Amino acid sequence: MSEFLNALWSEPWWVFDPETAGFWGHLYRGFNLFEGTIWLVLAVIVFRRYLQRGQSEWEIAYALAFFLFGLTDFREAAVESAPLVLVKGIILILLLRLRQFVLKSCHPNAWF
């Protein structure tokens, strides 16, 4: 059992190989590249909003969390592993918490 858990944690679950990927492998890679780009665009939008309005320092951290989450998607386009999924989960939780702080400090009457 410990051998299985060690392999699960230390070995990649999926590695993109263009020669053997097939349709689903290319689709998965393309989706992650697209998704990573969207997260980076959101990071730029949030940071730009901070530069224009500068309502809260939380916006900088919020933009950084979007940026980091985007980078994990670019990594996922090449390799998927347990450590990557763990990091993505941590960043996602951080992103959601930062959203709460930003909404509370910048948009206290927002319904969303």
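Structure's up top.
Predicted, not measured: the structure shown is a model, and the values here were computed from it.

**Regarding helix α3 (residues 58-76)**
And then number 1: Between its first and last C-alpha, α3 extends 27 Å over 19 residues, near the 27 Å set by a 1.5 Å rise per residue.
And then number 2: Taken together, the buried positions of α3 are occupied by E59, Y62, A63, A65, F66, F69, G70, T72, D73 and E76.
And then number 3: In this fold, the buried residues of α3 make contact with β1 (14-15), α2 (22-53), β2 (79-80) and α4 (82-106).

**Brief notes about the side chain of E59**
And then number 1: Following the sequence through the fold, E59 ends up in helix α3.
And then number 2: Take E59: its relative accessible area is 1%, and that puts it in the buried class.
And then number 3: Filtering out sequence-adjacent residues up to four positions away, E59 remains in contact with V46, R49, Y50, G54, V102 and C106.

Definitions and cut-offs
Residues numbered from 1 in each chain as written. Predicted model: local features only at pLDDT ≥ 70, side-chain atom pairs only at ≥ 80, totals over all residues. Heavy atoms only, no water. Helix = DSSP H or I, 4+ residues; strand = E, 2+ residues; numbered from the N terminus. Expected span 1.5 Å × (residues − 1). Buried < 20%, exposed > 50% of the residue type's maximum accessible area, 1.4 Å probe, protein only. Contact = heavy atoms within 4.5 Å.

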